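Structure assessment
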Amino acid sequence: MDDMDYFSLCINAFCLIIQGMHICFCGRLTAKKRKAWHFAAYIILICILDWFANRVSFPLIMAIGAELLILYGMNRFALGNRSFASWAASILAIYISQFSFGLINSVEAIVFPYAVETLFLYLLVLMATAVSFAICAACYSIVLKAISPEEISQITHAGCLLFPVLFFFTAELYILQTSYTQAFYHERSLEFLLENMGRHTALLFMQVLGLGALLCTLYAYRHLCRGLQVQAEMQSLTQAVQAQKVYIAEAQIRYEQTKAFRHDIKNHLSVLNGLLNSGKLDESKAWLQKLEAASAVLSYPYHTGNPVVDILLGEKLGLAKKNGISTEVMLRLPKRCKVDDFDLCVIFANALDNAVRACQTAEGTKTIRITGEGQGDFYMLSFENSCSDEPLPPAGTGLANIKSAAEKYHGAVLAEKADRHFSLNVLLNISLHPENISSQ
């Protein structure tokens, strides 16, 4: 084995080890903690793939495809990312890595024909390898700044990012396969390389455009995610405003009813007094029952300690009962609860709307159960309802609004499904007022 072979082996081994940066990039992109064994396992698998690919002479595209699958497996099962986040992170990591080397390959094709001295050639190869990794690290840094972990995990509009990046990745593989294989350098003469310098320059320009297109796609995707987030917030505001309007309208109706009842109460009491003086006990009891029924109309069906929540429960659960859904409420909000009525509207309105929709698709007994339990500064709201056997759909705007409201109070949201039973738990710090949270 000559010096060039030893040098190639060393460079190849170094490149395989440095590919551990794929795990570092994927972990930072998806906000997952990296461990030493993640890097070790990935490098070992890549070394095994490289050895096997050399033994059976794998085509370049198949080898990179296998590397992509390995990185996806590490993202999915080692880092614990969701399927789409794993694919997106893996494709971005491999694409940027291949792009960095492809970019330098274009420069090598232009410069290397003039390197006739072995020592100078070694130096050029070392410089090219170092520059490739530097470009890769710089591109990784740009991508990490361009898109957040929350945005990479938005599965509801995954294709907006996945398919453009997959196109860039495939185009880069095609360029590497057709223009920069080892066979190309061995079979083509020096004169041929010099004559085709313009073609390599054009390929270099195309790959730079490919990087620009990728960054523009990430920029557009980020603005899409933020636009959808703003839209969700606007929908939440609209829903809360609508709930406030319902509260005001309900309060006005009950005020008018109370005013009329107070106006007539003296007459009712006079009639009752007359019946009692006349010894008509049965008629007196009947009249009292009528008075009790009239006063019951003025009260809310649910008493949680918060009038806004009482009205929402009356409205939403009243609709549920009309649809044959049984309801149970065991909830009493603490008097010192500092959660804003606006945020309570968001939580209860979205949770109850989702519960009613889920019950409508369920078979058999349909129930909605709402409970609350406090401990210290924290209060847990639990919404349980019947649902169908179908898997849970992707988290929608309603659940996102609930999470947003809970996070304002340093809380958390947990949604679980078991067979035909769904539960949503919302934990809130009831000692925090939203105006004071930002300063803590």
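Attention here is on the structure that accompanies the text. Note that the structure is predicted; figures quoted are calculated from it, not measured.

Within the protein chain, the regular secondary structure consists of 16 helices and five strands. Within the protein chain, the proportion of its 440 residues that are buried is 39%. Contacts in the protein chain between residues far apart in sequence, at least 24 positions, make up 74% of those at least 6 positions apart. Surface exposure of the protein chain reaches about 24400 Å², of which carbon and sulfur atoms provide 61%.

The subject of this paragraph is the pairing of strand β5 (residues 421-429). Here β5 lies mainly inside the structure; seven of its nine residues are buried. Here strand β3 (residues 378-386) pairs with β5 via nine bridges, running antiparallel. Pairing of S382 across the sheet is with N425, part of β5. Where strand β4 (residues 412-418) and β5 come together, seven bridges link them in antiparallel fashion. In the strand pairing of β5, A412 is matched with L427. Here β4 folds back onto β5 in antiparallel fashion, the turn holding two residues, of which D419 has a positive phi close to 55 degrees.

A word on the sheet that holds strand β2 (residues 367-375). Reading across from one edge, β1-β2-β3-β5-β4 is the order of the five strands in this open sheet, with mixed pairing throughout. Each of the sheet's edge strands pairs with one partner strand only, and the pair in question is β1 (326-330) and β4. Adjacent strand axes in the sheet meet at a mean angle of 10 degrees, parallel and antiparallel pairs treated alike. Two elements, β1 and β2, share five bridges in a ladder whose sense is parallel. Bridging from a neighbouring strand, T327 pairs with I368 of β2. Sitting on the sheet, helix α14 (residues 341-361) touches β2, β3 and β5, and the angle it makes with β3 is about 20 degrees.

Think of a pair of aromatic rings as described by two things: how far the centres are apart, and how the planes are tilted against each other in angle. In the structure shown here, the tally under the stated rule is three aromatic pairs. Centre to centre, the rings of Y72 and W87 are 4.1 Å apart; their planes meet at 20 degrees, and the pair counts as stacked. Placement of the pair is Y72 in helix α4 (residues 60-78) and W87 in helix α5 (residues 83-111), with a sequence separation of 15 residues. The class of W87 is partly exposed, set by a relative accessible area of 27%.

We now examine the environment of L428. Mapped onto the elements, L428 comes out in strand β5. Put simply, L428 and Y409 are 19 residues apart on the chain and 5.7 Å apart in space, counted from C-alpha to C-alpha. Once you skip the residues sitting within four places of it in the chain, L428 turns out to touch V339, I347, D377, F378, Y379, L381, A406 and Y409.

With that settled, the discussion passes to the packing of helix α3 (residues 36-56) against α4. Where α3 contacts α4, the axes come no closer than 10 Å and their chain directions differ by 160 degrees. Taken together, the axis directions place α3 and α4 in an arrangement best described as roughly antiparallel. By crossing handedness, the relation of α3 to α4 is classed as right-handed. In contact with W37, H38, A41, Y42, L45, I46 and L49 of α3, α4 contributes A63, A66, E67, I70, L71, M74 and A78. The residue inventory of the contact of α3 with α4, partitioned by class, reads twelve nonpolar, one polar and one charged.

Here T371 shows up in strand β2. The buried category is assigned to T371, whose relative accessible area is 14%. Discounting chain neighbours no more than four positions away, the residues touching T371 are M330, L331, M380, L381 and S382.

The next point concerns unusual backbone geometry. A positive phi angle, near 60 degrees, is found at A31, a position not held by glycine. Following the sequence through the fold, A31 ends up in the loop between α2 (21-29) and α3. The phi dihedral of H410 is positive, around 55 degrees, even though this residue is not glycine. Here H410 lies in the loop between α15 (397-407) and β4. What makes H410 partly exposed here is its relative accessible area of 44%.

Rules and cut-offs
- Counting restarts for each chain: residues are numbered from 1 in the order of the written sequence.
- Totals for whole chains, interfaces and linings use every residue, but because this is a predicted model, local features are given only for residues with pLDDT of at least 70 and side-chain atom pairs only at 80 or more, for both listing and counting.
- Only hydrogens and water are removed before side-chain values are computed, so all heavy atoms of the structure are retained for them.
- Numbering of helices and strands starts at the N terminus; helices are DSSP runs of H or I of at least 4 residues and strands are runs of E of at least 2.
- Note on classification: 1.4 Å probe, protein chains only; a residue is buried when its accessible area is under 20% of the maximum for its type, exposed when over 50%, partly exposed between these limits.
- Throughout, a contact is declared for two residues whenever any of their heavy atoms are within 4.5 Å.
- Under the convention used here, a 1.4 Å probe and the Shrake-Rupley method define accessible areas, while residue burial counts only the protein chains that appear.
- Two strands qualify as a pair provided that DSSP identifies no fewer than 2 bridges between them.
- In this analysis an axis means a line fitted to C-alpha atoms, helices contributing only their contacting stretch, and an angle means the value between N-to-C directions, from 0 to 180 degrees.
- The criterion for an aromatic pair is that two Phe, Tyr or Trp rings (for Trp, the six-membered ring) have centres within 6.5 Å, with stacked assigned to planes under 30 degrees apart, edge-to-face to planes over 60 apart and tilted to the rest.
- For classification purposes, angles smaller than 35 degrees are called roughly parallel, those larger than 145 roughly antiparallel, those between 65 and 115 roughly perpendicular, and all remaining angles oblique.
- Left-handed is the label given to a crossing in which the near helix is rotated counterclockwise from the far helix by less than a right angle, and right-handed is the label when the rotation is clockwise.
- When residues are grouped by polarity, Ala, Val, Leu, Ile, Met, Phe, Trp, Tyr, Cys and Pro land in nonpolar, Asp, Glu, Lys and Arg in charged, and all others, Gly among them, in polar.

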